[in-house]
Amino acid sequence: MDAGAAARIVAAMEAHVGDAAVALQGCTAIANLASSCDTRCMQLMNAGVGKRIVAAMEAHVGDADVALNGCSAIGKLASSTYVSGQLVRAGADKRIVAAMEAHVGDADVAEEGCTAIANLAAGGSDGRREQLMDAGAAARIVAAMEAHVRYPDVVTQGCAAIA
């Protein structure tokens, strides 16, 4: 990862928290950077991306593109067990649930939301799964699977999130 890229993304998202386009592109960049390896995910988290994604999703809960890319970024970052615990502590669980509730009719948000929930819950013996369910994840997963029963990717990720 280019030295300073994560810090620049975080700074841009922090400086323009009210701008949906910056939130969207910031979440997209984080998702792309996080798809490489655990080390990169930890570097991104150390730069503060978890808090920025959560803030972007909170500020733009009505924007389906921000919801989609925020869930995608969280899901990719959460592939690291260490990082997933940090994300839950930052409030990512509540933002995913809110995004899935606000965009229940959007199959892409449903799929990425279920993936993010599954990854956040995986491998955690620290109460993460219970925290996710307490935040309303189970209800959102079921609603997504019901609303998008004809979309195999949503149903598959929903099953993975429940497992």
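Residues numbered from 1 in each chain as written. Predicted model: local features only at pLDDT ≥ 70, side-chain atom pairs only at ≥ 80, totals over all residues. Heavy atoms only, no water.

**With respect to the pattern of salt bridges**
Logical step 1: Within the structure shown, the criterion is met by 2 salt bridges.
Logical step 2: Glu14 is the salt-bridge partner of Arg52, the closest N and O atoms lying 3.2 Å from each other. Here Glu14 lies in helix α1 (residues 5-15) and Arg52 lies in helix α4 (residues 49-59), a separation of 38 residues in the sequence.
Logical step 3: For Arg52, a relative accessible area of 14% gives the class buried. (Salt bridge = Lys/Arg side-chain N within 4 Å of Asp/Glu carboxyl O. Helix = DSSP H or I, 4+ residues; strand = E, 2+ residues; numbered from the N terminus. Buried < 20%, exposed > 50% of the residue type's maximum accessible area, 1.4 Å probe, protein only.)

**Some details on the state of the cysteines**
Logical step 1: Per the stated rule, a full pass over the model turns up 0 disulfides.
Logical step 2: Free of any disulfide, Cys27 has its nearest cysteine sulfur in Cys71, 9.2 Å distant. (Disulfide = S-S within 2.5 Å.)

**Section: the packing of helix α2 (residues 20-34) against helix α3 (residues 38-46)**
Logical step 1: Between α2 and α3, whose axes approach to 9 Å, the crossing angle comes to 145°. Across the interface between the two elements, Ile30, Leu33 and Ala34 from α2 touch Arg40, Cys41 and Leu44 from α3.
Logical step 2: When the residues that make up the contact of α2 with α3 are grouped by side-chain class, the tally is 5 nonpolar, no polar and 1 charged. (Axes fitted to C-alpha atoms, helices over the stretch in contact; angles between N-to-C directions. Contact = heavy atoms within 4.5 Å. Nonpolar A, V, L, I, M, F, W, Y, C, P; charged D, E, K, R; others polar.)

Limitation: the analysis is restricted to geometry and does not speak to function.
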